[in-house]
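Observations on chain architecture
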Amino acid sequence: MADAKTQPTQASVDDHLRAKASPAQLADCQALMAILHRVTGEAPTMWGPSIVGYGRYAYRYDSGRTGVSCATGFAVRGKELVLYLMADAPEQQQLLARLGTHKMGKSCLYLKRLADVDAAVLEALVAGSLAEIRRRHPETPGT
């Protein structure tokens, strides 16, 4: 069975963000990093070539495939920042309704600028996502 493509690396988070983000995005990345550090208590780590990840958890699909992923994180994708989190619980949906301008995919929250969203609501979304990961994957240390 193939290993997951996105694994933690030794690459520099700061170097990656300086190379990838516009000046306005870089300021947003730094503010986002402060939120993610505060909520997770973890330092950022590059996961693959483009994801700034925090924490980790082990997963197992019904098929038996297993892997490890960052518990939360973000990436600079063109003109947007993409946050990786779980937001399918009713409480999370209520928070999304109060967040501000965003798009939400299955586990990707797309933001153009942090100024467009309520930072306290964003922090609550991340905290709720981490709680759900811990609930679904209780055997994972350090999430």
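Here's what I pulled together on the structure shown here. (Residues numbered from 1 in each chain as written. Predicted model: local features only at pLDDT ≥ 70, side-chain atom pairs only at ≥ 80, totals over all residues. Heavy atoms only, no water.)

1. Thoughts on the environment of Tyr 57
Structurally, Tyr 57 is set in strand S3 (residues 57–60). On a C-alpha basis, the gap between Tyr 57 and Ile 35 in space is 19 Å, while along the polypeptide they are 22 residues apart. (Helix = DSSP H or I, 4+ residues; strand = E, 2+ residues; numbered from the N terminus.)

2. So, the sheet that holds strand S8 (residues 108–111)
Taken in spatial order, the six strands make up an open sheet running S1-S2-S5-S6-S8-S7, and their pairing is antiparallel. Each edge of the open sheet is held by one strand with a lone partner, namely strand S1 (45–47) and strand S7 (103–104). Examined bridge by bridge, S7 and S8 share two bridges and lie antiparallel to one another. Looking at S8, one finds that Lys 103 is bridged to Tyr 110. (Pairing = 2+ DSSP bridges.)

3. Digging into the side chain of Ser 129
On the secondary structure map, Ser 129 appears in helix H4 (residues 119–136). For Ser 129, a relative accessible area of 0% corresponds to the buried category. Setting aside anything within four residues of it in sequence, one finds Ser 129 in contact with Leu 85, Met 86 and Gln 92. (Buried < 20%, exposed > 50% of the residue type's maximum accessible area, 1.4 Å probe, protein only. Contact = heavy atoms within 4.5 Å.)

4. What to know about the pairing of strand S5 (residues 72–77)
Burial within S5 is extensive, with five of its six residues counted as buried. As defined by bridge partners, S5 adjoins strand S6 (residues 80–84) across five bridges and the pair is classed as antiparallel. Bridge assignment links Arg 77 to a residue of S6, and that residue is Glu 80. Here S5 folds back onto S6 in antiparallel fashion, the turn holding two residues, of which Gly 78 has a positive phi close to 65°.

5. Describing the packing of helix H1 (residues 13–20) against helix H2 (residues 23–40)
Where H1 contacts H2, the axes come no closer than 9 Å and their chain directions differ by 150°. Judged by the inter-axis angle, H1 sits roughly antiparallel to H2. Both H1 and H2 take part in a crossing whose hand is right-handed. Only Gln 25, Leu 26, Cys 29 and Met 33 of H2 make contact with H1, whose side of the interface consists of Val 13, Leu 17, Arg 18 and Lys 20. Tallied by class, the residues present in the contact of H1 with H2 amount to five nonpolar, one polar and two charged. (Axes fitted to C-alpha atoms, helices over the stretch in contact; angles between N-to-C directions. Parallel < 35°, antiparallel > 145°, perpendicular 65-115°, else oblique. Left-handed = near helix turned anticlockwise from the far one by under 90°. Nonpolar A, V, L, I, M, F, W, Y, C, P; charged D, E, K, R; others polar.)

Structural measurements only, silent on function.
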